[in-house]
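# Chains, contacts and geometry: an overview
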Amino acid sequence: ERPIIIAPSILSADFANLGADVRRVEEAGADYLHIDVMDGTFVPNLTIGSCVVESLRKVSNLVFDVHLMVEHPETYIDSFARAGADNITFHVEATRHPHRLIQQIKAAGCRAGVALNPGTSIYTLEELIDDLDMVLLMTVNPGFGGQKFIENMVGKIHALYHTVMENELNVDIAVDGGINAETSESVRSAGANVLVAGSAVYGAPDLAAVIRALRG
Ligand code: DX5
Ligand code: ZN
């Protein structure tokens, strides 16, 4: 059994009090800080850039897990790495050169992840997975927090877990979107070991309690 990693998403934090909201999840027992970067083109929303990551790096020791929902991800790898990202995940749908991007992320000193939209098959990972540190399966269509978990994704998580185990790969399986105390149970039993949660964490009165509940 792999240890469960909890990654609160700051998309649901109070952007006017971002440093304090980051420290709150760190004190509540989070493992990673999930940072959603949106460009208004790959997804219909705009969020934050590397300058925000650079500022947050000064107030937090959490693992910074940067989720790039952007076109031309190659343009941003080095600036996020310099700003203090530990993990950088890009969408396979956003590039014609996923293999080169993985090399670029590792050369920048970060762990490399690939994200898949709900409609993208895990077979797109076949030639990449040996070089990956993490696969992020979207369990909602990316762009916004607070959406409903897509139940069909449980089978996809399980299929990826099977591949990872069968080939003895050292790849984390992350899930992102609609994860709360209820849905966390099914994604954990399907084989996910990194749980991203935005609204479920920041919407709760007791952050430590919800993080414990997500961990199971
Ligand atoms: C969605 C983002 C998620 C989002 C999850 O596009 O990638 O990380 O913050 O939010 P919840 O947990 O509220 O679905
Ligand atoms: Zn995300």
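Along each chain, residue indices are assigned from 1 in the same order as the chain's sequence is written. Chains and ligands are labelled by the order in which they are written, letters from A for the one and numbers from 1 for the other. It should be noted that, the model being predicted, local features are given only for residues of pLDDT at least 70 and side-chain atom pairs only at 80 or more, the latter also being counted only at that level, while totals for whole chains, interfaces and linings use all residues. Note: side-chain values were computed over all heavy atoms of the structure, leaving out hydrogens and water.

By the naming in an unreviewed UniProt entry, the protein chain goes by Ribulose-phosphate 3-epimerase and is assigned to Selenomonas artemidis F0399. Under the UniProt heading Catalytic activity (unreviewed entry), the note attached to the protein chain is "D-ribulose 5-phosphate = D-xylulose 5-phosphate". UniProt positions are given in the numbering used here, feature names are shortened, and annotations may be inferred rather than shown by experiment. Note on the protein chain: under the UniProt heading Sequence similarities (unreviewed entry), the record states "Belongs to the ribulose-phosphate 3-epimerase family."

Bringing the site of ligand 1 into the picture now. Around ligand 1, the structure places 20 residues, and the nearest of them are Asp36, Gly143, Asp176, Gly198 and Ser199. The term polar contact refers here to a pair of N or O atoms within 3.5 Å; inside protein, the definition further demands a hydrogen-donor-capable atom paired with an acceptor-capable atom, and it admits residues adjacent in sequence only when both atoms are side-chain atoms. One nitrogen or oxygen atom from the side chain of His34 is found 3.4 Å from an oxygen atom belonging to ligand 1. Gly198 is positioned such that a nitrogen or oxygen atom in its backbone is 2.8 Å from an oxygen atom of ligand 1. Within the complex, 100% of the 390 Å² of free accessible area of ligand 1 lies under protein. By definition, any uninterrupted DSSP run of H or I lasting at least four residues is a helix, any uninterrupted run of E lasting at least two residues is a strand, and each is numbered from the N terminus. Residue contributions to the shell around ligand 1 peak at three residues, all from strand β2 (residues 32-38). Three classes are used, and their members are as follows: Ala, Val, Leu, Ile, Met, Phe, Trp, Tyr, Cys and Pro are nonpolar, Asp, Glu, Lys and Arg are charged, and the others, Gly among them, are polar. Counted by class, the shell around ligand 1 contains eight nonpolar, ten polar and two charged residues. Each residue is tested against the molecule or strand, and it is near if at least one of its non-hydrogen atoms lies within 4 Å. Computed with a 1.4 Å probe, the accessible areas rest on the Shrake-Rupley method; for each residue, only the protein chains presented here act as cover.

For Na, K and Ca the donor cutoff is 3.2 Å, while for all other metals N, O and S atoms must lie within 2.8 Å; water is not among the atoms, so some sites may look incomplete. The coordination sphere of the zinc ion (ligand 2), as far as protein atoms go, consists of His34 (NE2), Asp36 (OD), His67 (ND1) and Asp176 (OD), spread over 2.0 to 2.3 Å. Around the zinc ion (ligand 2) sit six donor atoms; with metal-centred angles ranging over 71 to 171°, the donor geometry is octahedral. Ordering the donors of the zinc ion (ligand 2) by residue number gives the pattern H-x1-D-x30-H-x108-D. Remark: Asp176 occurs in strand β7 (residues 172-176) and His67 occurs in strand β3 (residues 63-69); sequence separation between them is 109 residues. By the criteria applied here, four donors are tetrahedral when all angles lie between 85 and 135 degrees, four are square planar and six octahedral when opposite donors are over 155 degrees apart and every other angle lies between 65 and 115, and any other arrangement is irregular.

This paragraph deals with the packing of helix α6 (residues 181-190) against helix α8 (residues 207-215). Orientation of α6 relative to α8, taken along the N-to-C sense of each, is 30°, at an axis distance of 8 Å. Considered as vectors, α6 and α8 are oriented roughly parallel to each other. Contacts between α6 and α8 pair Ala181, Ser184 and Arg188 from the former with Ala213, Leu214 and Arg215 from the latter. When its residues are assigned to classes, the contact of α6 with α8 shows three nonpolar, one polar and two charged. Axis definition: a line fitted to C-alpha atoms, limited for helices to the stretch in contact. Angles are taken between N-to-C directions and run from 0 to 180 degrees. With respect to orientation, any angle under 35 degrees is reported as roughly parallel, any angle over 145 as roughly antiparallel, any angle of 65 to 115 as roughly perpendicular, and every other angle as oblique. The contact definition used throughout considers only heavy atoms, calling two residues in contact when any of these lie within 4.5 Å.

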